[in-house]
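# Notes for the structure review
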Amino acid sequence: MGRVQISPSILSADFAHLARDIEQVSDTADWVHVDVMDGHFVPNLTLGLPVVASILAASRLPVDCHLMIDDPDRWAPGYAEAGAKSVTFHVEAAAAPVRLARGLRRLGARAGMALKPATPVEPYLDLLPELDMLLVMSVEPGFGGQAFLDVVLPKIRRARQAIGDLDIWLQVDGGVAMDTVERCAEAGADVLVAGSAVYGAADPAAAVTALREAAQRAAGGADERSARSGCRLE
Ligand code: DX5
Ligand code: ZN
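Note that the structure is predicted; figures quoted are calculated from it, not measured.

### So, the environment of histidine 33
Mapped onto the elements, histidine 33 comes out in strand β2 (residues 32-37). C-alpha separation for the pair histidine 33 and serine 226, spaced 193 residues apart in sequence, amounts to 30 Å. Discounting residues that sit within four places of it in the chain, histidine 33 has contacts with Ser7, Pro8, Ser9, Ile10, Asp64, His66, Gln171, Asp173 and Val193. At 3.2 Å, the side chain of histidine 33 forms a polar contact with the side chain of aspartate 173.

### Re the pairing of strand β3 (residues 63-68)
Burial within β3 is extensive, with six of its six residues counted as buried. Residues of β3 alternate between two faces, with Val63, Cys65 and Leu67 on one and Asp64, His66 and Met68 on the opposite face, all of them buried. Direction of pairing for β2 relative to β3: parallel, over a ladder of six bridges. Bridge pairing links aspartate 35 to histidine 66 in β3. In the classification by handedness, the crossover that spans β2, the intervening helix α2 (residues 49-58) and the parallel β3 is right-handed. Bridge count for β3 against strand β4 (residues 86-90) is four bridges, and the pairing is parallel. When the sheet's bridge partners are listed, aspartate 64 is paired in β4 with serine 86.

What counts, and where the lines are drawn
Residues numbered from 1 in each chain as written. Chains lettered and ligands numbered in written order. Predicted model: local features only at pLDDT ≥ 70, side-chain atom pairs only at ≥ 80, totals over all residues. Heavy atoms only, no water. Helix = DSSP H or I, 4+ residues; strand = E, 2+ residues; numbered from the N terminus. Contact = heavy atoms within 4.5 Å. Polar contact = N/O pair within 3.5 Å; in protein donor to acceptor, adjacent residues only side chain to side chain. Buried < 20%, exposed > 50% of the residue type's maximum accessible area, 1.4 Å probe, protein only. Pairing = 2+ DSSP bridges. Right-handed = clockwise from strand over helix to strand, strands pointing away.

Have a look at this one:
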């Protein structure tokens, strides 16, 4: 596994000072993770395309849009058109995930597909070549600050195994913090979203660096173990 990336979620930032809070992590983070919630797919409402467009204009970091919305087939392409470099839709909400992923790529975005904690990965393995990123949720989507669900770790491992040599990132989102980040990276995650662990810290930039270092160490350890045993992430 290569370099671990960190995508701080602005769900835990100050919505009245988004540009300032994104700037705080811009030297240490890889992406800014923007959680779009519609009050239907999840029981929370955050922001939509006009705010994302303003974030795109104000941010030095590429935008990683996580769409927790109904009917992403209709709405997701607009985020790619606006300039988000990564657009992730939930497979539970998508009517035609292959068509949607292809459309996002055609618009120049990385296509991401997200799974809620209880959604298995196996039915979707044939779709992997259509994707640039698979997002495994480690909390029920909707709110920041929830406890990490260990129950998803076997799914992360199975997803990493299925990805094999394909050039697909494996993102984990929800409850990622200093006490859980190693488990995620060991299981095979290479893009980690963290909201409260970054914006709840006294120094958000340093929190990003600390998370990446811990994850990178854990990923390295897992790689070594799998090389020694002659198989991947056993
Ligand atoms: C939850 C969102 C997450 C959230 C993570 O539905 O998708 O991105 O911001 O927040 P923490 O890291 O606090 O669990
Ligand atoms: Zn998210």
